[in-house]
Structure formats: C-alpha cells, structure tokens
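Read off the chains here:
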Amino acid sequence: MEQKINCAEVCVNGCILGDKCPNIEFREAASQFIKETSLDEMLAIAEERLRKKMTEPPKWVLPED
C-alpha cells in the first residue's frame with residue numbers, strides 16, 4: 001500500500017519517506033542541476049523568466065455567476 005502525503009507541507013525540512021519517495025527522480029534531477037549549473041547561470045535563468053512574465057499580457061479571471 002502506497003503512502004500518500006503532501007510533500008510540500010510534510011517534507012519542508014527534508015524528505016520523510018527516504019527511498020520510498022514518489023518524487024525521487026525529481027530530487028535527483030534537481031541535485032544534478034544544482035551541481036552542474038553555476039549561480040550566475042541560475043540567476044540569468046530567473047531573470048529571463050521574470051522578464052517574460054512581466055511582458056506577458058494580463059490574464060483575466062472572471063468569477064462565475
């Protein structure tokens with residue numbers, strides 16, 4: 001039986017499931033990205049994403065009646 005937890009809330013201080021974590025491949029990919037990417041590159045990625053976000057047209061959300 002697979003244990004269902006909300007990782008965003010429960011694992012704030014680290015994964016509590018260890019090797020049974022359903023998101024283990026994402027954790028490994030994130031670790032690899034951090035090892036291979038310099039801080040300057042990460043900041044450039046973040047700056048580019050922010051620039052794109054600021055130039056996007058506004059998205060209207062209309063309440064349903």
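Residues numbered from 1 in each chain as written. Predicted model: local features only at pLDDT ≥ 70, side-chain atom pairs only at ≥ 80, totals over all residues. Heavy atoms only, no water.

### Remarks on the environment of K52
Put simply, the rule reads: Here a helix means four or more residues in a row that DSSP labels H or I, a strand means two or more in a row labelled E, and each is numbered from the N terminus. Residue exposure (1.4 Å probe, protein chains only): buried if accessible area is under 20% of the type maximum, exposed if over 50%, otherwise partly exposed.
Examined against the element boundaries, K52 turns out to sit in helix α3 (residues 39-55). Accessibility expressed as a relative area gives 43% for K52, which makes it partly exposed.

### Regarding the pattern of salt bridges
The condition is simple: For this document, the term salt bridge refers to a Lys or Arg side-chain nitrogen within 4 Å of an Asp or Glu carboxyl oxygen.
Scanning all chains against the criterion turns up three salt bridges. A salt bridge links K59 to E56, with the shortest nitrogen-to-oxygen separation between them at 3.7 Å. Judged by its relative accessible area of 68%, K59 falls in the exposed class.

### Examining the environment of A8
Examined against the element boundaries, A8 turns out to sit in helix α1 (residues 7-10). A8 gets classed as exposed once you look at its relative accessible area, which sits at 66%. Taking the C-alpha atoms as reference points, A8 and G18, separated by 10 residues in sequence, lie 15 Å from one another.

### Some remarks on a nonpolar patch on the surface
For clarity, the cut-off: Patch definition: residues with relative accessible area over 30% and no salt bridge; like charges joined within 9 Å; nonpolar side chains (Val, Leu, Ile, Met, Phe, Trp, Tyr) joined within 5 Å. Only the protein chains shown count as covering a residue, and every accessible area follows the Shrake-Rupley method with a 1.4 Å probe.
A surface patch of nonpolar side chains, amounting to about 290 Å² of accessible area, comprises F33, I34 and I45. Among the secondary structure elements, I34 is positioned in helix α2 (residues 24-36).

### Some thoughts on the environment of C15
For clarity, the cut-off: Contacts are residue-level and defined by heavy atoms, with any inter-residue pair within 4.5 Å sufficient.
Along the chain, C15 falls in the loop between α1 and α2. A sequence separation of 14 residues divides C15 from A29, and the C-alpha atoms of the two residues are 15 Å apart. Ignoring any residue separated from it by four or fewer positions in sequence, one finds C15 in contact with C21 and R27.

### A look at the confidence of the model for the chain
Definition in use: Every residue carries a pLDDT, the predictor's confidence in it, which falls somewhere between 0 and 100.
With 94% of its residues at a pLDDT of 70 or more, the chain has an overall mean of 86. Taken element by element, the chain is modelled with least confidence in α1, mean pLDDT 82, and with most confidence in α3, mean pLDDT 95.

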